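# Chain and residue survey
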Amino acid sequence: WGTATDSDPESSTTLLSVFTILGQVLYFRLAQPVVLKRMGWNETSDAEAGEIIAVVIGNLRTMAATARERSNA
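Scope of this entry: the structure provided in the associated data block. Not measured: the values here are computed from a predicted model.

Summarising the element assignment, Ser-17 is placed in helix 2 (residues 12-30). Given a relative accessible area of 15%, Ser-17 falls into the buried group. Excluding residues within four positions of it along the chain, Ser-17 makes contact with Trp-1 and Met-63.

This is the structure:
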């Protein structure tokens, strides 16, 4: 993450960002029954997985762009 955002890989901001990213991904695994129920899905098919992946990638891009802006400020 430090390389992707031009930030110190050992800084607390970088480490917290990585934990945040991992938390997003782990939530879909650990809370799968909650996600399925709330989304009205019976299972996580390829289509639903694609939706999840698209949102996570969008979040990553936004986080990286914001982090790069902060490091260049």
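This part takes up unusual backbone geometry. For Asp-6, which is not glycine, the phi torsion reads 55 degrees and is therefore positive. When you line up the elements, Asp-6 lands in the loop between helix 1 (2-5) and helix 2.

Moving on: the environment of Val-25. Tracing the backbone through its elements, the reader meets Val-25 in helix 2. Of the residues examined, Val-25 reaches a relative accessible area of 46% and is grouped as partly exposed. Between the C-alpha atoms of Val-25 and Ile-52, which are 27 residues apart in sequence, the distance is 9.1 Å.

Now for the packing of aromatic side chains. Following the criterion strictly, the structure yields one aromatic pair and no others. With 6.4 Å between their ring centres and 80 degrees between their planes, Tyr-27 and Phe-28 make a pair best called edge-to-face. Note on Tyr-27: relative accessible area 43%, which makes it partly exposed. Classification of Phe-28 by relative accessible area gives partly exposed; the value is 30%.

About the criteria used
Residues numbered from 1 in each chain as written. Predicted model: local features only at pLDDT ≥ 70, side-chain atom pairs only at ≥ 80, totals over all residues. Heavy atoms only, no water. Helix = DSSP H or I, 4+ residues; strand = E, 2+ residues; numbered from the N terminus. Buried < 20%, exposed > 50% of the residue type's maximum accessible area, 1.4 Å probe, protein only. Contact = heavy atoms within 4.5 Å. Phe/Tyr/Trp six-rings, centres within 6.5 Å; stacked < 30°, edge-to-face > 60°.

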